[in-house]
Each structure stands twice: as structure tokens, then as C-alpha cells.
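Remarks on the overall topology
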Amino acid sequence: MTESTDGRQPATPQRHRGAVTLRRDAVPPSTADEKLLDSPHRGEWKTKDAWRALRILSEFVEGFDTLADLPPAVSVFGSARSAPQSPECAMATALGAALAEAGYAVITGGGPGVMEAANRGATEAGGMSVGLGIELPFEQGLNDWVDVGIDFRYFFVRKTMFLKYAQAFVVLPGGFGTLDELFEAITLVQTKKVTRFPVILMGVDYWSGLLDWIKRRMLDDGKISPADLDLIQVTDDVTEAVRIIVEAGAQTAAQDAH
């Protein structure tokens, strides 16, 4: 293998598939999710899919066993493509630190960008930093600030872990994956599958267009009710975001005590 001009080894294609790491020619052209959801032959449904069910179960067991002893935690979402010097990464670092100082573990997708910034903030503040990775064709692996990391094959298993072990979601600027997590959380709160669960958007300018559309189209057309708007809170203030989470936690504890 030839070294790069700065003396470092060149990047090697690799993919994490659960406990397995694949590199170079061993990296497959498809992911486990793709094979599950895009099986082209009906004959596979009674053979390969039946065995996949056991693998899916093992991922749930691994996630539950690993994360069950976490302290109270908050899941933080945002773009993997954000530059380290970007405003959202600076905000994520400050948020991670503030959450750690308030006694919360920070859970992210474990990747670069906003996720890495939040993990870094939590770790540098002495808190617990968790990364839940996923097998992707363009995966970059878990960032170096993760204390506890799990690599998943299946998105839906990973999503369960984000929600089950968090007391709140904080969503910073991001792309389709971030929107996916945001709207799933809102839907679960709206339908009371989870209760008393803060969903906080940080990056007022970034989210303003989406929120305007929700109000002008979804609300005005009767697709949602006015009360549904209260499911989302928006701020650029890290202190306020943490206060919302702490107060919601205190309210939950008080209600559970009665």
C-alpha cells in the first residue's frame, strides 16, 4: 500500500456490519437493509428472510443489553456533512457539553459533522457519549469522541434505540435522515406512543421555512390541529434547550411519583 504525501496511509474502503468490519474487496455492493427491503425474488422470503429475523432479533438484544444502564439521555440529530467550523457544529458542541453538565448522556448517530460535535462536547465535559452507527454505502465509521458505540445493520432497530433510551430529541440542521428522525418523533408524540417527550429544533433560521410551510399548508388545510404545533419547540439558546429538557424530566418524575 502506498503512503500519502503527508506520510499517512491512504483511506481504505471499509464497512462495519454489526460486529464485523469489511475492507477493500470484501466490502459488498449492497447493505443489509437493502437486501431485506428490496428482495427481488419471492423464493427468498421463506428462506433468507426467516434467517434475517434472527439477526434482527440479535440486534435488538445487543442494543437493549448495551444501553440499559445508561443515565438519562438525550438524542441529538444533525447533518454528517456540516463542516467543523459551521455554526451548527459550534452549537452542537455547546449543547453536548451543557447536557453532560446537566447529567445527561448524549446519543448521536456516531458519524461526523453535527454528530461528532455533540459527542465531543459531551466527552470533553466529562459526560457519557454514545454513538449508534449504521451500515451505509458511504459510511465513515464512528467518530473518535464516542465512548459507547454500536454498529447496526438495520435502520428500524437503530431508531428504536434512539427513542427508547432518550428523554428528548434535539434536532439541529440536517438532511433527509435528520428530517426522518424529526417527523417520526413528532408522529410518535402526536399519537401518544410516547408521552411527555420534548422535540426541540435548534437553528431558528434553518428551520423557519419548514415551520412556515407546516403552518400555511398543513395547519391551514386541516391536516394537523393547532395543538400539534406545540409538539415542537424552537430555539437557538443552548441554555433554554437544556432547561426545557430538565423541566420536562422533573414533570415526568413528579407525575410518576403519584
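Within every chain, residues take consecutive numbers counted from 1 along the sequence as written. Restriction of local features to residues with pLDDT of at least 70 applies here, the model being predicted, together with a cutoff of 80 or more for giving and counting side-chain atom pairs; totals for whole chains, interfaces and linings are based on all residues. Side-chain numbers here rest on the full set of heavy atoms in the structure, without hydrogens or water.

**A word on the nonpolar core**
Let me state the cut-off plainly: Remark: nonpolar core denotes a set of buried residues (Ala, Val, Leu, Ile, Met, Phe, Trp, Tyr, Cys) joined through side-chain atoms within 4.5 Å. Throughout, exposure labels follow a simple rule: accessible area from a 1.4 Å probe, protein chains only, divided by the maximum for the residue type, with under 20% read as buried, over 50% as exposed, and the rest as partly exposed. Here, residues are in contact when the closest pair of their heavy atoms is within 4.5 Å.
Residues Leu67, Ile107, Leu132, Met161, Phe169 and Phe197 are the most contacted members of the largest nonpolar core, which totals 35 residues. Apart from the residues lying within four places of it in its own chain, the contact partners of Met161 are Glu59, Phe60, Gly63, Phe64, Leu67, Leu132 and Phe152. Residues Leu95, Leu172, Met202 and Val238 belong to the second largest nonpolar core, which totals 25 residues.

**Side note on the pairing of strand β4 (residues 105-108)**
Worth spelling out the cut-off: Only DSSP runs of H or I covering at least 4 residues are called helices, and only runs of E covering at least 2 are called strands; the numbering of each starts at the N terminus. Note on pairing: two strands pair once DSSP finds at least 2 bridges between them. Crossover handedness is defined by viewing with both strands directed away from the observer: a clockwise path from the first strand over the helix to the second marks the crossover as right-handed.
Side chains Ala105 and Ile107 project from β4 onto one buried face, and the interleaved Val106 and Thr108 project onto a second face that is buried too. Sheet topology note: the β4/strand β5 (residues 129-134) ladder contains three bridges and is parallel. Looking at β5, one finds that Thr108 is bridged to Gly131. As for the winding sense of the linkage, the β-α-β connection from β4 through helix α4 (residues 114-124) to β5 is right-handed.

**Notes on helix α8 (residues 238-256)**
For clarity, the cut-off: To estimate how far a helix should extend, the number of its residues minus one is multiplied by 1.5 Å. Under this definition, polar contacts are N or O atom pairs within 3.5 Å; protein pairs additionally need one hydrogen-donor-capable and one acceptor-capable atom, and for neighbouring residues in sequence, both atoms have to be side-chain atoms.
The end-to-end C-alpha distance of α8, which contains 19 residues, comes to 27 Å, matching closely the 27 Å that a straight helix rising 1.5 Å per residue would cover. Residues of α8 that are buried make contact with β3 (73-77), α3 (87-101), β7 (169-171), β8 (199-202) and β9 (232-235). The residue sitting at the N-terminus of α8 and contributing the capping side-chain oxygen is Asp237; that oxygen lies 2.9 Å from the backbone nitrogen of Thr239.

**Topic: the packing of helix α5 (residues 155-164) against helix α6 (residues 176-190)**
Helix packing geometry: the angle between the two helix axes and the distance between the axes. In plain terms, the rule: Axis lines are fitted to C-alpha atoms, over the contacting stretch for helices. Their N-to-C directions set the angle, which ranges from 0 to 180 degrees. Angle categories: roughly parallel below 35 degrees, roughly antiparallel above 145, roughly perpendicular from 65 to 115, and oblique for all the rest. Should the near helix be turned counterclockwise from the far one by less than a right angle, the crossing is left-handed, whereas a clockwise turn marks it as right-handed.
Interaxial distance between α5 and α6 falls to 12 Å at its minimum, and their mutual angle equals 60 degrees. When the axes of α5 and α6 are compared, the pair comes out oblique. The handedness of the crossing between α5 and α6 is right-handed. Touching Lys159, Phe162 and Leu163 of α5 are Asp180, Glu181, Glu184 and Leu188, all from α6.

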